[in-house]
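Listed below are the residues making up each chain.
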Amino acid sequence: MAHLWHLIAAAVRQDTFLHLPMQNQRVGLDEILERAERTAGQLLAARRGKEPRRVGILMANGEAWLRGLLTVARLDATVVPLPLPVSFAGYEEYLRHIQRIAVDSALDTVVVDTTLGGALTRRLGHVLPGVDIVDITEYDGAPLRRPAPSAGDDDLAVIQYTSGSTSAAKGVMLTHRNVSAGLSAVTDALGWTDGDAFGLWIPLFHDMGLFSLLSGLARGSSACLWRPSDFVRKPITWLRSFAESPATVQPAPNFCYDYLVAAAGSGIPSGLDLSRWRLACNGAEPVRHVTLEWFQDIFGRHGLRDSALHPVYGMAEATLIVTGPAPSGVWTSMSVDRDQLGLGERVRTLPSSDPNARNVVGCGRAVPGIQLRVANAAGEPYAEGVVGEVQITGTAVTSGYLGLARDRQPFTDDGWLRTGDLAFLRAGELHVVGRLKDMIIIRGQNYYAEDIEEIVATTPGGGQRRNVAIPWDDGDRERMVVLLETSLTGAAALELAAAARDRVAMHTGMPAVDIVPVPLATIPRTTSGKVRRQAAIRLYQDRYQYRRVVQ
Amino acid sequence: MTTTSDHTACLDVVIEALAAQTGLTPQQIDPDQTIVTIPEIESIKVLRAIVEIEQYFAIAIPDDFLFEAATVRGLAEFVASLAART
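Residues numbered from 1 in each chain as written. Chains lettered and ligands numbered in written order. Predicted model: local features only at pLDDT ≥ 70, side-chain atom pairs only at ≥ 80, totals over all residues. Heavy atoms only, no water.

## A short note on unusual backbone geometry
Residue and element names in this part refer to chain A. Inclusion rule: Put simply, DSSP H or I for four residues or longer makes a helix, DSSP E for two residues or longer makes a strand, and each gets a number counted from the N terminus.
At arginine 48, a position not held by glycine, the phi torsion is positive, near 50°. Take arginine 48: it is sitting in the loop between helix H2 (29-46) and strand S3 (54-58). A positive phi angle, near 55°, is found at alanine 106, a position not held by glycine. Positionally, alanine 106 belongs in the loop between helix H4 (91-105) and strand S5 (109-112).

## Some thoughts on the nonpolar core
The cut-off we apply is this: Here the nonpolar core consists of buried residues drawn from Ala, Val, Leu, Ile, Met, Phe, Trp, Tyr and Cys, with membership extended through side-chain atoms lying within 4.5 Å. Any residue under 20% of the maximum accessible area for its type is buried, any over 50% is exposed, and the rest in between are partly exposed; the area is computed with a 1.4 Å probe on protein chains only. Domain start and stop positions are those given by an automatic or database domain assignment. Whether two residues touch is decided by their heavy atoms; if any such pair falls within 4.5 Å, the residues are in contact.
Grouped together as the largest cluster of nonpolar side chains are 144 residues, with contacts concentrated most on Leu66 and Leu69 of chain A together with Leu75 of chain B. Looking at this core element by element, the count peaks at eight residues for helix H1 (residues 4-22) of chain B. A domain-level breakdown of this core finds at least three residues from each of domain 1 (29-176) and domain 2 (234-436) of chain A. In this view, leucine 69 of chain A contacts Leu4, Ile57, Val79, Leu210 and Leu214 of chain A; residues no more than four positions away in its chain are not counted. Counting 25 residues, the second largest nonpolar core, distinct from the first, contains Ile98, Ile101, Val112 and Ile159 of chain A.

## Details of the interface of chain B and chain A
As a measure of interface size, the accessible area lost when the parts come together is often cited. Definition in use: Accessible surface is computed with a 1.4 Å probe, and the buried area is the amount of it that two parts give up when combined, taken over both parts together. For this document, the term salt bridge refers to a Lys or Arg side-chain nitrogen within 4 Å of an Asp or Glu carboxyl oxygen. Two N or O atoms form a polar contact when they lie within 3.5 Å of each other; inside protein one atom must be a possible hydrogen donor and the other a possible acceptor, and for residues adjacent in sequence the pair counts only when both atoms belong to side chains.
With 28 residues of chain B in contact, the opposing surface of chain A contributes 28 residues. Both sides of the chain B and chain A interface together cover about 2500 Å² of buried area, and 59% of this is carbon and sulfur. Our count for the chain B to chain A interface comes out at one salt bridge. Across the pair arginine 233 of chain A and glutamate 54 of chain B runs a salt bridge, and its minimum N-O distance is 2.9 Å. Between chain B and chain A we count four residue pairs in polar contact (both at pLDDT 80 or more) in total.

## Section: helix H11 (residues 289-299) of chain A
One turn of the α-helix equals 3.6 residues, which is why residues spaced by three or four share an orientation. All buried positions along H11 of chain A are accounted for by His289, Thr291, Leu292, Phe295, Gln296, Ile298 and Phe299 of chain A. For H11 of chain A, the secondary structure elements touched by its buried residues are helix H9 (235-244), helix H10 (254-264), strand S12 (279-282), strand S13 (309-311), strand S16 (333-337) and strand S17 (357-361) of chain A.

## Some remarks on the domain arrangement of chain A
All names here are of chain A. Under the domain assignment used here, chain A contains domain 1 (29-176), domain 2 (234-436) and domain 3 (448-544). Taking the mean C-alpha position of each, domain 1 and domain 2 sit 30 Å from one another. Tallying the contact residues gives twelve residues for domain 1 and nine residues for domain 2. With both chains or domains summed, domain 1 and domain 2 bury close to 870 Å², and 70% of this area falls on carbon and sulfur atoms.

## Topic: the layout of surface pockets
Note the threshold: Put simply, the grid is 1 Å and covers the protein atoms alone, a cavity is a trapped set of points that fit a 1.4 Å probe, a pocket is an open set with protein on both sides within 12 Å along at least five of seven lines, and lining residues have an atom within 4 Å of a point. Grid points are joined across faces, edges and corners, and a volume is the space filled by probe spheres set on the points. For this classification, the nonpolar set comprises Ala, Val, Leu, Ile, Met, Phe, Trp, Tyr, Cys and Pro, the charged set comprises Asp, Glu, Lys and Arg, and every other residue, Gly included, is treated as polar.
Taken as a whole, the second largest pocket spans an internal volume of roughly 1200 Å³. Lining the second largest pocket are 46 residues, and of these Leu84, Pro85, Val86 and Phe205 of chain A together with Ser43 of chain B lie nearest its centre. Elements with a minimum of two residues in the lining of the second largest pocket: H4, helix H8 (228-233), strand S24 (445-448) and helix H13 (490-508) of chain A together with helix H2 (43-57) of chain B. Among the elements that make up the lining of the second largest pocket, the one with the highest residue count is H4 of chain A (four residues). Taken together, the residues of the lining of the second largest pocket break down into 24 nonpolar, 16 polar and six charged. Of the domains in this structure, domain 1 (29-176) and domain 3 (448-544) of chain A are the two that each give at least three residues to the lining of the second largest pocket.

## A word on the sheet that holds strand S14 (residues 313-315) of chain A
All names here are of chain A. What counts, and what does not: What makes two strands pair is DSSP finding at least two bridges between them.
On the basis of which strands lie adjacent, the open sheet formed by three strands has the order S14-S15-S18 and antiparallel pairing. The sheet terminates laterally at S14 and strand S18 (365-366), the two strands that pair on one side only. Strand direction decides the pairing type here: strand S15 (residues 320-324) and S18, joined by two bridges, are antiparallel. Each bridged residue has a counterpart across the sheet, and for threonine 323 the counterpart in S18 is alanine 366.

## Thoughts on the pairing of S5 of chain A
Residues and elements named next belong to chain A. To keep things clear, this is the line we draw: The crossover handedness rule: strands pointing away from the viewer, path from first strand over the helix to second strand clockwise, crossover right-handed.
The alternating pattern of S5 places Thr109 and Val111 and Val110 and Val112 on opposite faces, both of which are buried. In terms of strand pairing, S5 meets strand S6 (residues 132-135) through four bridges, oriented parallel. Along S6, the bridge assignment pairs valine 110 with isoleucine 133. Taken together, S5, helix H5 (residues 118-127) and S6 form a β-α-β motif whose crossover is right-handed.

## Observations regarding the side chain of threonine 162 of chain A
Residues and elements named next belong to chain A. With respect to the helices, strands and loops of the structure, threonine 162 is situated in the loop between strand S7 (156-161) and strand S8 (171-175). Residue threonine 162 is classed as buried on the basis of its relative accessible area of 10%. Excluding residues within four positions of it along the chain, threonine 162 makes contact with Lys170, Val172, Glu317, Asn446 and Tyr448.

Structure representation (structure tokens):
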């Protein structure tokens, strides 16, 4: 049986712990399961006996997050992980985002704990009428008295929302069968042993955090949990805590490793020993060649193994992992012509010293249970060394986004998931080079062009605010470039651009935006008025790229 | 009890910390702008600045204050009120 509750409950050993190193605490998983029985009783009581169906989890990383998830599984309901607000972006836009998710997923309950703070919890109650907000910090209620959970393998275990959307919330539907297959794919791909333990600070509402944690627990392994603020506030202190913990494998986005490299500049404590760190998984955003090189160079001196750096490729739609290198291998990269990475183009290798060379990191082969092809929109595979779209199928792959019409679901005619990512294969290894979908990833979060366009379009001050957002990657970092049509010129145009930029920042907390004011009727459109995005990109490249922009 | 001069001193420290993280000069940061609209700011840089401010005043800023849409001056006033209590 693939049910998430049974998967975890059956795997628990006496020595399976959730370690919370910053609190100097560890809790046995058997204890957490028992607490979840009580929390399930409390949740039912708070809902006056009504069975929950869709339950949001909204709190910082901790025991209560995991217990909340197990509680929801125990009650045969569906988990909807909810993101925490961005620092200093304020409540208003954030609450609207939560509201959209609540409506889309038909939430009936949200579990919170004290980490959320009273002010936010109260506001949540106001914007989610009819939804029960249940604080599960305490677990002293009477345990649930009912038979073991019995939801079917095809019932939804998790609805995972991809982040950043302002217009349409997109919830990835994951059944118990998907999740069960996805969790074993992670540990199988990483060559998991009984001595391994995940250590993670990334948020549990993010798919990489959630499914990594669960995959280790489903093998009966312990896990170590920090909070994002532990890492961000004091990265080197966190690193030492990680090195001294039982953790052997860390999943994190590329920026985490960059951040540690930068932090190392102000000193590394003597005696730091990273020799037990078996795998430093790098995924959830593009893997940068220089990051891996620097990280290896600096932390290799503190015992980090050459084989530790582990570039992976995955997504919520696959219940996480899609490809990964052999667990004991050393990462590889190849240097190719950056101007020949379009759909259907054959890559050309170049010496890495060539000014047009781009170093692309290999992310390994498809993991057990996932089939992968690099193909065109019709699903016809390209030869090795030709750039195409990554398409996947397998038990862990979602059947689609919640509530989206069939013709808008991202599948080929033969039922493979279109990831929207561009890549080529070389000796069977996936090399990701870009994206077909109009999106950028910053700090592991997705930001969609259409969302940014909508925010810019509603900048106050009159006029139509016609604009086009262009995802831009210069090979080092990603940005969203926005061409904004205006009749204003000079300082007034720049002022408008600054207002639009502030608006994007307030809505998304994302700073990587360049707003370029352009004259009216500049943005290329079809006769029906639809933006011609490729033409807009060329226009930006040719005419505006090196002009003064408001950042 | 905090005084106006405490507030001014706090504001200077807060602006310095934010400027250091964003690579701006202190003059480029408007005390009355919302923190999230400072050019090139992002949650990670804000948190780094917060750590510096906390260390300077030997205070701890609670995580849920970070959820507010605070201005630079608002943060400085909050810091001053925390510093006055210690």
